[in-house]
Amino acid sequence: MSKKKRNTKLIKSIISGILALFIMFWLLQIDWEHLSSKENSGAIFGVLAGLLIIIALQIKTKESKK
């Protein structure tokens, strides 16, 4: 494995870890009694955004065959 691949994998892992902490923070901000209330929209969008970014980072990119 080349050094560049290891560096990008490490960076993706660090970003995923930070986003996992971000998601945990927003999960604590959600009022579970009133999920459909307007005050929860920011927390719910924060969780969804973090999850989508983590999923996008885990998808492998196709490398060119040179």
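Turning next to the packing of aromatic side chains. All told, the structure shown has two aromatic pairs when counted by the stated rule. Between Phe25 and Trp26, the aromatic rings sit 5.3 Å apart at their centres with planes inclined by 70 degrees, giving edge-to-face as the arrangement. Ring pairs connect the aromatic residues Phe22, Phe25 and Trp26, which therefore count as one cluster.

It is worth spelling out the side chain of Ser16 at this point. One can find Ser16 in helix H1 (residues 3–29). The exposure class assigned to Ser16 is buried, which follows from its relative accessible area of 11%. Apart from residues lying up to four places away in sequence, Ser16 is in contact with Ile54, Leu57 and Gln58.

Counting residues in each nonpolar core, the largest one holds six residues, listed as Leu19, Ile23, Ile30, Ala43, Val47 and Ile54. Ranked by residues supplied to this core, first place goes to helix H2 (residues 41–58) with three residues. Discounting residues that sit within four places of it in the chain, Leu19 has contacts with Gly50, Ile53 and Ile54.

Within the secondary structure layout, Ser37 lies in the loop between H1 and H2. For Ser37, a relative accessible area of 22% corresponds to the partly exposed category. In this structure the side chain of Ser37 is engaged in a polar contact, spanning 3.0 Å, whose partner is the backbone oxygen of His34.

Each value, and the rule that gives it
- Each chain has its residues counted from 1, following the order in which its sequence is written.
- Only residues with pLDDT of at least 70 get local features here, since the model is predicted, and only at 80 or more are side-chain atom pairs given and counted; chain-wide, interface and lining totals rely on the full set of residues.
- To obtain the side-chain values, all non-hydrogen atoms of the structure were included, while hydrogens and water were left out.
- Any pair of Phe, Tyr and Trp rings, taking the six-membered ring for Trp, is counted once the centres come within 6.5 Å. Such a pair is stacked with planes under 30 degrees apart, edge-to-face with planes over 60 apart, and tilted for the rest.
- The helix count covers DSSP runs of H or I at least four residues long, the strand count covers runs of E at least two residues long, and both are numbered beginning at the N terminus.
- With a 1.4 Å probe rolled over the protein chains alone, any residue whose accessible area is under 20% of its type maximum counts as buried; one over 50% counts as exposed, and the rest are partly exposed.
- Residue contacts are defined here by distance: any two heavy atoms, one from each residue, within 4.5 Å place the two residues in contact.
- For this analysis, a nonpolar core means a set of buried residues of the types Ala, Val, Leu, Ile, Met, Phe, Trp, Tyr and Cys, connected via side-chain atoms within 4.5 Å.
- Two N or O atoms form a polar contact when they lie within 3.5 Å of each other; inside protein one atom must be a possible hydrogen donor and the other a possible acceptor, and for residues adjacent in sequence the pair counts only when both atoms belong to side chains.

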